[in-house]
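Understanding the architecture of this molecule
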Amino acid sequence: MAAPSKSPTEWQELLRLTQGAALVVERVRLAGRDIAIEGAFELPQLAKLSLEDQIFVVAFVRSHGSIKEMEQVFGVSYPTVKARLNRISQSLTFVDNNPTPSHTEVLERLKRGEITAADAIKELESQP
């Protein structure tokens, strides 16, 4: 049983109702499948932005990061585009998708034979 898709107006209404307050999703249903997952899920960072900022970010990505194009699309100056990008970027946290493994993780990989002793030493010596 497929989950009904939410129209943009429903998402906008949800953002209006929450007024920037923290929002936790407690149930997720896989579209087209009769599978639901319950728990406490935080929204992705971009979904936490205001609707206006989400539109701005989408336009920026679609313009391939062209500030000149953003100036034309929104009818604003270069400093205005830069200021808005800076404000949005300050509200986002950089997620390191390749974190340095802990000492324990390196030793566990060595123990399982996934890396050599020389590799483990290199990794451990390169850690802060």
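Right above here is the structure, for reference.
A brief structural summary.

Considerations on the pattern of salt bridges
According to the stated counting rule, one finds seven salt bridges in the structure shown. Between Arg 109 and Glu 123 there is a salt bridge, and its shortest N-O distance comes to 3.0 Å. Taken together, the positions of Arg 109 in helix α6 (residues 103–111) and Glu 123 in helix α7 (residues 117–126) put the pair 14 residues apart, joining distant regions of the chain. Each of Asp 53, Arg 84 and Arg 87 takes part in a single network of salt bridges with overlapping partners.

Some points on the packing of aromatic side chains
All told, the structure shown has one aromatic pair when counted by the stated rule. Each ring, one from Phe 56 and one from Phe 74, has its centre 5.1 Å from the other, and the planes form 45°; the classification is tilted. Separated by 18 residues along the polypeptide, Phe 56 in helix α3 (residues 51–62) and Phe 74 in helix α4 (residues 67–74) bring together distant segments of the chain.

Focus on helix α5 (residues 78–91)
Residue pairs spaced three or four apart in an α-helix point in one direction, given the helix's 3.6 residues per turn. An ideal rise of 1.5 Å per residue puts 20 Å on 14 residues; α5 measures up with 20 Å between its terminal C-alpha atoms. Taken residue by residue, α5 has Val 81, Leu 85 and Ile 88 as its buried positions. Angular distribution of buried residues about the axis of α5 spans 65°; they occupy a single face of the element. Across from the buried face of α5, at angles greater than 90 degrees, the exposed residues are Pro 79 and Gln 90.

A word on the pairing of strand β2 (residues 36–42)
Examined bridge by bridge, strand β1 (residues 24–29) and β2 share five bridges and lie antiparallel to one another. Of the residues in β2, the one forming a bridge with Arg 29 is Ala 36. Between β1 and β2, which pair antiparallel one after the other, the connecting turn spans six residues, and Gly 32 there sits at a positive phi close to 75°.

Details of the environment of Gly 113
Along the polypeptide, Gly 113 turns up in the loop between α6 and α7. Assessed through its relative accessible area of 55%, Gly 113 is described here as exposed.

Points about the side chain of Ser 63
You can see Ser 63 is positioned in the loop between α3 and α4. A relative accessible area of 4% places Ser 63 in the buried class. Of the polar contacts made by the side chain of Ser 63, one reaches the backbone oxygen of Phe 60; its length is 2.9 Å. Every residue in contact with Ser 63, bar those within four places of it in the chain, is listed here: Glu 69 and Met 70.

Some details on the packing of α6 against α7
Orientation of α6 relative to α7, taken along the N-to-C sense of each, is 175°, at an axis distance of 10 Å. The orientation of α6 relative to α7 falls into the category roughly antiparallel. Contact with α6, carried on its side by His 103, Val 106, Leu 107, Arg 109 and Leu 110, involves Ala 117, Ala 120, Glu 123 and Leu 124 of α7 and no other residues of that element. Looking at side-chain class alone, the contact of α6 with α7 contains six nonpolar, one polar and two charged residues.

Rules used throughout
Residues numbered from 1 in each chain as written. Predicted model: local features only at pLDDT ≥ 70, side-chain atom pairs only at ≥ 80, totals over all residues. Heavy atoms only, no water. Salt bridge = Lys/Arg side-chain N within 4 Å of Asp/Glu carboxyl O. Helix = DSSP H or I, 4+ residues; strand = E, 2+ residues; numbered from the N terminus. Phe/Tyr/Trp six-rings, centres within 6.5 Å; stacked < 30°, edge-to-face > 60°. Expected span 1.5 Å × (residues − 1). Buried < 20%, exposed > 50% of the residue type's maximum accessible area, 1.4 Å probe, protein only. Arc of directions from axis to C-beta. Pairing = 2+ DSSP bridges. Polar contact = N/O pair within 3.5 Å; in protein donor to acceptor, adjacent residues only side chain to side chain. Contact = heavy atoms within 4.5 Å. Axes fitted to C-alpha atoms, helices over the stretch in contact; angles between N-to-C directions. Parallel < 35°, antiparallel > 145°, perpendicular 65-115°, else oblique. Nonpolar A, V, L, I, M, F, W, Y, C, P; charged D, E, K, R; others polar.

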